[in-house]
Protein chains: 2
Amino acid sequence: MVGIRELFEDQASPAGRIVRAIAAIGSATATQLVKSTGLARSTVSTLLTELKDGGIVLDMDTKSNGFGRPSQLLSLNPAAGRCAGVLLGLGEIRIAICDLAHTVLSDIWFAMDKDYTPQDAARCVRSSLEEQCALLGVDMSELLGVGLAISAPVSYDGEILNGSILPTWCGTNIAAVFSEQLGCPIHVENESHCGALAEMTWGAAVGEPNFVLFKFDLGIGGAIVIDGTVQRGAHGYAAEFGHMSLDPRGPPCRCGNRGCLETFAGGFQLLRYAEQSFGETISIEQFVERARNGEAAYARLVDDAAEMAGWGMGIAFTILNPPLFIIAGKLAEVGESFINGLERSFARHSVAPPAHSPEKRKPRFVVGTFRGNDDTVMGAVALVLRQHGRITSEVSPAS
Amino acid sequence: MVGIRELFEDQASPAGRIVRAIAAIGSATATQLVKSTGLARSTVSTLLTELKDGGIVLDMDTKSNGFGRPSQLLSLNPAAGRCAGVLLGLGEIRIAICDLAHTVLSDIWFAMDKDYTPQDAARCVRSSLEEQCALLGVDMSELLGVGLAISAPVSYDGEILNGSILPTWCGTNIAAVFSEQLGCPIHVENESHCGALAEMTWGAAVGEPNFVLFKFDLGIGGAIVIDGTVQRGAHGYAAEFGHMSLDPRGPPCRCGNRGCLETFAGGFQLLRYAEQSFGETISIEQFVERARNGEAAYARLVDDAAEMAGWGMGIAFTILNPPLFIIAGKLAEVGESFINGLERSFARHSVAPPAHSPEKRKPRFVVGTFRGNDDTVMGAVALVLRQHGRITSEVSPAS
């Protein structure tokens, strides 16, 4: 029996496919594995026996579906390997370590200078990981991988394409910087793509192979998931919903265009309105709190943002026709007034099914499960669990 | 050895995968088949011997890549089966019959009343197919399938979702109507999706697994191709680029929204401008001719359409990040002035790669290969060759 690392990274071998399928969803029945791997039941059965003998797969509780014999739930042996997820944020870094059964073993946070460099980040992450691993009694070399969540599009080879909250990082190959320090496989992705992976693994999108996520936060990002895969596009720019240009004569945007959705409905912009119009310098959390409490001025800003957001989602629907939208980010925490406004606007701005069409042809709107930046750091862990965004020395197919 | 029909329709069996892979591209080397099916070389080799013995696969010419031994090109036995493609157009129907080696055996066209019904269409198509098959010495029951191209979104079970150039057809299950008459497998898809399949099979997208097609014709449609699959979305509405609402206070659109791309850059709209502003009632072909010849009034209308079209493509790029755009439809026949205007506008309205970014990160723009409605009828044939849009009695995964 080969080791967990080889199995985990082997996209082709049947045993690898089983290990990866369990890693993606945390625990699974043999029937679920037959379905998700496409392998024959007998193959799955034989390989599961081998994987259990090798100490890689464990029997867990049984799962009853209400009739017949309850099914055996299987998980990966938590001790077989660990993954780390790193959020590189504005003046802060957060690191979570998980085992292969999806249990969070440690979750720490530390402040950084506002203008910290990628090299600073990599050094701090290494020393923090060493510390955390030591506390957990794990050798750092046992990490199956480290996932990095970046608030900007990232190329397949790990280059930060556009600067977002860390504009000076644009053009940096962040994977190379971290590889040098960490000596284990590095996975890198845009934070909204990480958010989608977190929702697929633990949140509102478990069992949903097709959906579109909009993240309304200080910026606006998103993810497109088709057949269980987070789409990256040719170079990593896919799902940059915040930069759909809705009004070419609108306000200038940091991306170089005008009238991008973010210039109307992004959190930074809403805070700027609050400052310019009401003379109040507040945080996004305070903004959300005031809008939730129905303070008229803030409620109106949220209403107007929802109008623009619904228009943008209408365009995304007309292009992608997803069955499900997941609404994430701090603005979603405003609650019903934002979501209802958004759905109302969406209905006016998307290709409408004909009048006789059944209700089921309309997309569902679901608020994401995570709060704060939990989706980002857990999504960074999920990069490793789902082997997404892995940087290899090979040239990417699209570059 | 099972028959061609079973092989053709069997998505799972290795021999079926080989047959389908050859059908999709017309002719292939064993090496290409190993790559496209993911089967082991030895499996491909064994199965090809069986398929040749069964008279299903034939050796064709050899193909030299300039060094080493030339490779043997394989095709399906043309006599093993035929496919038909049907374009249901405005006051016209066109039908093509192809063999499995991608040779067009017949291509006929006939006029219909402007308000012909789906039942009229099915009856006329049957009698015309019977006639053509008789001329070719083929029994109609030998047809492996009939593909229907509809100028509207179509659900997975064959229902016309929105009326387009045949508005009264909205809500009709066109697959059921044709099944009754034809007694062979029916495939149905939106005409722009068919156009993409034609470009993938014979045209500008051969060997391109990822691209976005915009079709600028009387209406505006399109297709999104990811990993070689034309995306349909949850219910068949994917890639309705003509109905992106670019200006919610803009002109009303037949889809129920305002300011859709089609209301600015659709051919019907351009002809309406010509009529209203210049008092000239002309056809789209005449319009294109005048713009090509540089008649100022028409050239300006094309310029303005290109400006709006480039904006719409910029939004599509920001969402999908394709490596390649294919520009199809009659407006593309205007030539450079339209394409250049469109690319110029695109550059101002899409997420821009950072200044240091290599040229390769920009999408390529390629004009489609087909003229007139050739893409639509050939795409309808390709529906069968590529087993796309097949209507089964099973419930679709997304409905």
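Cut-offs used in this document
Residues numbered from 1 in each chain as written. Chains lettered and ligands numbered in written order. Predicted model: local features only at pLDDT ≥ 70, side-chain atom pairs only at ≥ 80, totals over all residues. Heavy atoms only, no water. Helix = DSSP H or I, 4+ residues; strand = E, 2+ residues; numbered from the N terminus. Rg over C-alpha atoms; globule rule 2.2 N^0.38 Å. Buried < 20%, exposed > 50% of the residue type's maximum accessible area, 1.4 Å probe, protein only. Contact = heavy atoms within 4.5 Å. Buried area = accessible area lost by both parts, 1.4 Å probe. Salt bridge = Lys/Arg side-chain N within 4 Å of Asp/Glu carboxyl O. Polar contact = N/O pair within 3.5 Å; in protein donor to acceptor, adjacent residues only side chain to side chain. Nonpolar A, V, L, I, M, F, W, Y, C, P; charged D, E, K, R; others polar. Pairing = 2+ DSSP bridges. Domains from an automatic or database assignment. Least-squares fit on C-alpha atoms with pLDDT ≥ 70 in both. Axes fitted to C-alpha atoms, helices over the stretch in contact; angles between N-to-C directions. Parallel < 35°, antiparallel > 145°, perpendicular 65-115°, else oblique. Left-handed = near helix turned anticlockwise from the far one by under 90°.

This part takes up the overall build of chain A. Helices and strands together make up the secondary structure of chain A, namely 13 helices and 13 strands. Over its C-alpha trace chain A gives a radius of gyration of 22 Å, about what one expects of a compact globule, namely 21 Å for 399 residues. When its C-alpha atoms are laid out on the principal axes, chain A stretches across 65 × 55 × 40 Å. Taken over 399 residues, chain A has a buried fraction of 58%.

With 46 residues of chain A at the contact, the number on the chain B side is 46 residues. Of the roughly 3800 Å² buried between chain A and chain B on both sides combined, carbon and sulfur atoms contribute 60%. Across the chain A-chain B interface, the total number found is 2 salt bridges. Between Arg-361 of chain B and Glu-159 of chain A there is a salt bridge, and its shortest N-O distance comes to 3.0 Å. The tally of links from chain A across to chain B stands at 14 residue pairs in polar contact (both at pLDDT 80 or more). Counting residues per element, the ones that place at least two in the side of chain A that touches chain B are β10 (220-226), α11 (296-320) and α12 (336-349) of chain A. In terms of residue count, the dominant contributor to the side of chain A that touches chain B is α11 of chain A (6 residues). Grouping the amino acids of the side of chain A that touches chain B by side-chain chemistry returns 23 nonpolar, 16 polar and 7 charged.

Residue and element names in this part refer to chain A. The element strand β5 (residues 92-99) is extensively covered by neighbouring structure, given that 8 of its 8 residues are classed as buried. Residue alternation in β5 divides its side chains into two sets, Glu-92, Arg-94, Ala-96 and Cys-98 and Ile-93, Ile-95, Ile-97 and Asp-99, and both sets are buried. Here strand β4 (residues 82-89) runs beside β5; their pairing, made up of 8 bridges, is antiparallel. Looking at the pairing, Gly-85 lines up with Ala-96 of β5. Where β5 and strand β6 (residues 104-111) come together, 7 bridges link them in antiparallel fashion.

Moving on to the domain arrangement of chain A. Residue and element names in this part refer to chain A. Under the domain assignment used here, chain A contains domain 1 (4-79), domain 2 (81-196 + 375-385) and domain 3 (205-368). On a C-alpha basis, the centroid separation for the pair domain 2 and domain 3 is 26 Å. Taken together, the contact between domain 2 and domain 3 spans 19 residues of the former and 20 residues of the latter. Carbon and sulfur atoms make up 50% of the surface buried where domain 2 meets domain 3, a total of about 1500 Å² over both sides. The tally of links between domain 2 and domain 3 comes to 3 salt bridges.

Superposing chain A onto chain B takes a rotation of 180 degrees combined with a translation of 0.0 Å along the rotation axis, leaving an RMSD of 0.0 Å. On the angle and the small slide along the axis, the relation comes out as a two-fold axis. If distances are taken from each C-alpha of chain A to the rotation axis, the shortest is found for Leu-246 of chain A, at 3.3 Å.

All names here are of chain A. Viewed as axis vectors pointing N to C, helix α3 (residues 30-37) and helix α4 (residues 41-53) meet at an angle of 120 degrees, and their least axial separation amounts to 9 Å. Viewed along their axes, α3 and α4 adopt a mutual orientation that is oblique. The two elements α3 and α4 cross, and the hand of that crossing is right-handed. Where α3 approaches α4, its residues Ala-30, Thr-31, Leu-33, Val-34 and Thr-37 are matched on the opposing element by Arg-41, Val-44 and Leu-48. For the contact of α3 with α4, the per-class residue count stands at 5 nonpolar, 2 polar and 1 charged.

Among the structural elements, Glu-262 of chain A can be located in helix α8 (residues 261-265). Polar contacts involving the side chain of Glu-262 of chain A include one to the side chain of Arg-254 of chain A, which spans 2.4 Å.

To continue, consider the sheet that holds β5 of chain A. Residues and elements named next belong to chain A. Overall, mixed pairing links the 5 strands, which are arranged β6-β5-β4-β7-β8 in an open sheet. Strand pairing shows two members of the sheet lacking a second neighbour, β6 and β8 (186-190), which therefore form its edges. Put simply, the sheet's adjacent strands are angled 15 degrees from each other on average, direction ignored. Against the sheet, helix α6 (residues 174-182) makes contact with β4, β7 (143-150) and β8, and its axis sits at roughly 150 degrees relative to β8, the strand it touches most.

Attention now moves to the sheet that holds strand β6 (residues 104-111) of chain B. Residues and elements named next belong to chain B. Spatially, the 5 strands line up as an open sheet ordered β6-β5-β4-β7-β8, and their pairing is mixed. In this open sheet, the two edge strands, each paired with only one partner strand, are β6 and β8 (186-190). Within this sheet the neighbouring strands show an average axis-to-axis angle of 15 degrees, counted without direction. Pairing of strand β7 (residues 143-150) with β8, which is carried by 5 bridges, proceeds in the parallel orientation. Of the residues in β8, the one forming a bridge with Ile-150 is Asn-190. The strands that helix α5 (residues 118-136) touches are β4 (82-89), β5 (92-99), β6 and β7; relative to β5, the one it contacts most, it runs at about 35 degrees. Most of the contacts of helix α6 (residues 174-182) go to β8, to which it runs at about 150 degrees, and overall it touches β4, β7 and β8.

Attention shifts here to the pattern of salt bridges. Residues and elements named next belong to chain A. Taken as a whole and assessed by the stated rule, the structure comprises 32 salt bridges over all chains. Among the ionic pairs, Lys-215 bridges to Glu-191, the shortest N-O distance being 3.6 Å. Here Lys-215 is found in strand β9 (residues 211-216), whereas its partner Glu-191 is found in helix α7 (residues 191-201), with 24 residues between them in sequence. Take Lys-215: its relative accessible area is 5%, and that puts it in the buried class. On the accessibility criterion, Glu-191 (24% relative accessible area) is partly exposed. Through salt bridges that share partners, Arg-94, Asp-107 and Asp-374 make up one connected network.

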